[in-house]
Amino acid sequence: MNTTLPVSELSGHPTPFYFYDLGLLRRTIATARAEAGDITIHYAVKANYNPVILGEIAAAGLGADCVSGAEVGEAIKAGIPAEAIMFAGVGKTDAEIIQALEAGVGCLNVESVEELQVIAALAAERGLVAPVALRVNPDIDAHTHEYITTGLEENKFGIDMRRLDAAADYVAATPSLSLRGLHFHIGSQITVFEPFDVLCERINGLVAGLEARGIAIDNINVGGGLGIDYDDPDGNPIPPFAAYFAAFRRGLKLRPGQQVHCELGRAIVGQCGSLISRVLYVKEGVGKRFVIADAGMTELIRPALYGAHHLIQNLTSTSARTEVYDVVGPVCESSDCFGTDERLPLTQRGDLLAFRSAGAYGEAMASHYNCRSLAPAVYC
Ligand code: LLP
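Residues numbered from 1 in each chain as written. Predicted model: local features only at pLDDT ≥ 70, side-chain atom pairs only at ≥ 80, totals over all residues. Heavy atoms only, no water.

Draft legend 1. Broad picture of the packing of aromatic side chains. Tallied over the entire structure, the rule returns eight aromatic pairs. A ring pair is formed by Phe196 and Tyr244, whose centres lie 5.1 Å apart and whose planes are at 85°; its orientation type is edge-to-face. Of this pair, Phe196 sits in helix α8 (residues 194-212) while Tyr244 sits in helix α9 (residues 241-251), and the two are 48 residues apart along the sequence. Look at Phe196 and you get buried, because its relative accessible area is 0%. Members of the aromatic cluster, each reached through a chain of ring pairs, are Phe193, Phe196, Phe241, Tyr244, Phe245 and Phe248. One cation-aromatic arrangement involves Lys92 over Phe87; the distance from NZ or CZ to the ring centre is 5.7 Å. Sitting over the face of the ring of Tyr281, Arg349 holds its NZ or CZ atom 5.5 Å from the ring centroid. (Phe/Tyr/Trp six-rings, centres within 6.5 Å; stacked < 30°, edge-to-face > 60°. Helix = DSSP H or I, 4+ residues; strand = E, 2+ residues; numbered from the N terminus. Buried < 20%, exposed > 50% of the residue type's maximum accessible area, 1.4 Å probe, protein only. Lys NZ or Arg CZ within 6 Å of the ring centre and 35° of its normal.)

So this is what it looks like as structure tokens:
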């Protein structure tokens, strides 16, 4: 099989497991940092909060974007400085807000005036000033799956552009709040750059509008969303960071001293991870042949949840003959299916399979459904 995975090293481990290529992770981070220039990268912890991965991210000096108090805790434990952490999320609890304030996170990305009021009160009670950024819903179609588009008016995320002035005025008038900047995010797995160009135009207009009202914006957070090549992870192991950052360098009209931030998740960790599984059975169905793997939607839910496709490789078959199979997992759900009509080399019980590009939103979205154990991770 033509693969960049170290097949002989993988064969000795009980399956299923996640395999992480830390060398590729390091090269990916190094490329991202080099192409980012003076744009600050905050890794979106939700994509993968495995402590070894987070340790690599921290060692490389990236900041973090966290969406729960527990993620803030994991990021700090991994060694990411609190001031490099942004705490976001549409439903922060009081306990999480207090935790973030007391830890001294760099900023809380706030999604409504209602939330600003709660943060202001909790900070005032403690004699603190909460650093906040306003998350704006820019109403942009990111041309991605409906479950992972976030910047449209009808989504639950962010402050409506028409309410931004009122939110900024509220911050300015509240002594326990300090406005650090604006935050945006239009969606995930974005593979064309035009939505980022539109985002830049939107940001330029909003910043100019606030400036005209005497409100300066020091930090602009453009969110995450850069997609990866799920069809050809071996051909394109490192995402197109240069083109992504160029879109912001070209599109944003920055004032002196303004700092740009981004929150990449998938682009940083997606390609370094694979889910490795063994074939339990090759079952003859009616007009179909099923490959039943020992990994399923409990280890990688993206196909079942989004209809996503991860490249499937049979790592151990030596057959020159190919066959067409539906590749499914063992979980009691019809949606527990990795692919239909997959052309694979002749596949047999015991063969080792790889579901590629599983580093982002794989292990992080794992579940115990069917009372299954969480799969371990193996690194090289
Ligand atoms: N910033 C915010 C505010 C976000 O909501 C997200 C992702 C990110 C950054 C990171 O986005 P990325 O760079 O990874 O595209 N489970 C889905 C993806 C959900 C994304 C949620 N938000 C999937 O497996 O495709």
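Moving on from the coordinates now.
Draft legend 2. Representation of the site of the ligand within the structure. The environment of the ligand is formed by 18 residues, the closest being Ser188, Glu263, Arg302, Tyr306 and Tyr361. One nitrogen or oxygen atom from the side chain of His185 is found 3.5 Å from a nitrogen atom belonging to the ligand. Taking 590 Å² as the accessible area of the ligand by itself, protein coverage stands at 92%. (Near = heavy atom within 4 Å. Polar contact = N/O pair within 3.5 Å; in protein donor to acceptor, adjacent residues only side chain to side chain. Areas by Shrake-Rupley, 256 points an atom, 1.4 Å probe, with all protein chains shown as cover.)

Draft legend 3. Spatial organisation of the packing of α8 against α9. Closest axis-to-axis distance for the α8/α9 pair is 9 Å, and the angle between their directions is 30°. One finds that α8 runs roughly parallel with respect to α9. When you trace α8 past α9, the crossing you get is right-handed. Together, Phe196, Asp197, Leu199, Cys200 and Asn204 of α8 and Tyr244, Ala247, Phe248, Arg250 and Gly251 of α9 make up the contact between the two elements. (Axes fitted to C-alpha atoms, helices over the stretch in contact; angles between N-to-C directions. Parallel < 35°, antiparallel > 145°, perpendicular 65-115°, else oblique. Left-handed = near helix turned anticlockwise from the far one by under 90°. Contact = heavy atoms within 4.5 Å.)

Draft legend 4. Quick look at the environment of Gly73. Structurally, Gly73 can be placed in helix α4 (residues 69-78). For Gly73, a relative accessible area of 26% gives the class partly exposed. In sequence terms Gly73 and Val286 are 213 residues apart; their C-alpha atoms lie 51 Å from each other.

Just geometry here; none of it tells us what the structure is for.
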